[in-house]
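# A closer look at the structure
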Amino acid sequence: MNDRDTAIQPRTDAGIATAVEGVVVLDGPDGVAVTMTADAATRTANSLHAAADEARRNPPQAVAPHDPPSPGSP
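From a predicted model like this one, the values you see are computed outputs, not experimental measurements.

## Some points on the sheet that holds strand β3 (residues 33-36)
Ordered by their spatial adjacency, 3 strands build an open sheet running β1-β2-β3, and the pairing between neighbours is antiparallel. Each having just a single partner strand, β1 (16-20) and β3 make up the two edges of the open sheet. Sheet twist, expressed as the average angle between the axes of neighbouring strands with direction ignored, equals 20 degrees. Contacts between helix α2 (residues 38-57) and the sheet are confined to β2 (23-27) and β3, with β3 contributing the most and set at about 120 degrees to the helix.

Shown next as structure tokens:
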């Protein structure tokens, strides 16, 4: 097994936010759901925008395949 087999794989599908009776419901992948106040949703949106900008400035590094240890190595 190599590092890529166990690495967290980012989702490419987006969550969907809706306003329901004065709160914001965020439905995400795999059945994830979060209910927030409007203020909490705004802070979350701002945080997501900032993190996305940072991620774009610092793309993932290429991961070299992991070679199995040589016989007799620790």
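## So, the pattern of salt bridges
Where charged atoms from two side chains of opposite charge come close, those side chains can pair. Tallied over the full model, the rule gives 4 salt bridges. A salt bridge links aspartate 30 to arginine 11, with the nearest nitrogen and oxygen atoms 2.7 Å apart. Taken as a pair, aspartate 30 in the loop between β2 and β3 and arginine 11 in the loop between α1 (3-6) and β1 lie far apart in primary sequence, 19 residues in all. Taking the relative accessible area as the measure of exposure, arginine 11 reaches 45% and is therefore partly exposed. Of the charged contacts in the structure, one is a salt bridge between aspartate 53 and arginine 56, with a shortest N-O distance of 4.0 Å. In this pair, aspartate 53 and arginine 56 both sit in helix α2, 3 residues apart, roughly one turn of the helix. Shared partners join several salt bridges into a network, and the residues in it are Arg11, Asp13 and Asp30.

## Some remarks on the environment of threonine 37
Mapped onto the fold, threonine 37 is located in the loop between β3 and α2. Linking threonine 37 and alanine 19, residues 18 residues apart in sequence, is a C-alpha distance of 9.7 Å.

## Re unusual backbone geometry
A positive phi angle is found at glutamate 21, which is not glycine, with a value near 50 degrees. Tracing the backbone shows glutamate 21 in the loop between β1 and β2. Here the phi dihedral of aspartate 30 falls at roughly 60 degrees; this positive angle occurs in a residue that is not glycine. With a relative accessible area of 70%, aspartate 30 lands in the exposed category.

Cut-offs applied
Residues numbered from 1 in each chain as written. Predicted model: local features only at pLDDT ≥ 70, side-chain atom pairs only at ≥ 80, totals over all residues. Heavy atoms only, no water. Pairing = 2+ DSSP bridges. Helix = DSSP H or I, 4+ residues; strand = E, 2+ residues; numbered from the N terminus. Axes fitted to C-alpha atoms, helices over the stretch in contact; angles between N-to-C directions. Contact = heavy atoms within 4.5 Å. Salt bridge = Lys/Arg side-chain N within 4 Å of Asp/Glu carboxyl O. Buried < 20%, exposed > 50% of the residue type's maximum accessible area, 1.4 Å probe, protein only.

Interpretation in functional terms is not warranted from these geometric data alone.
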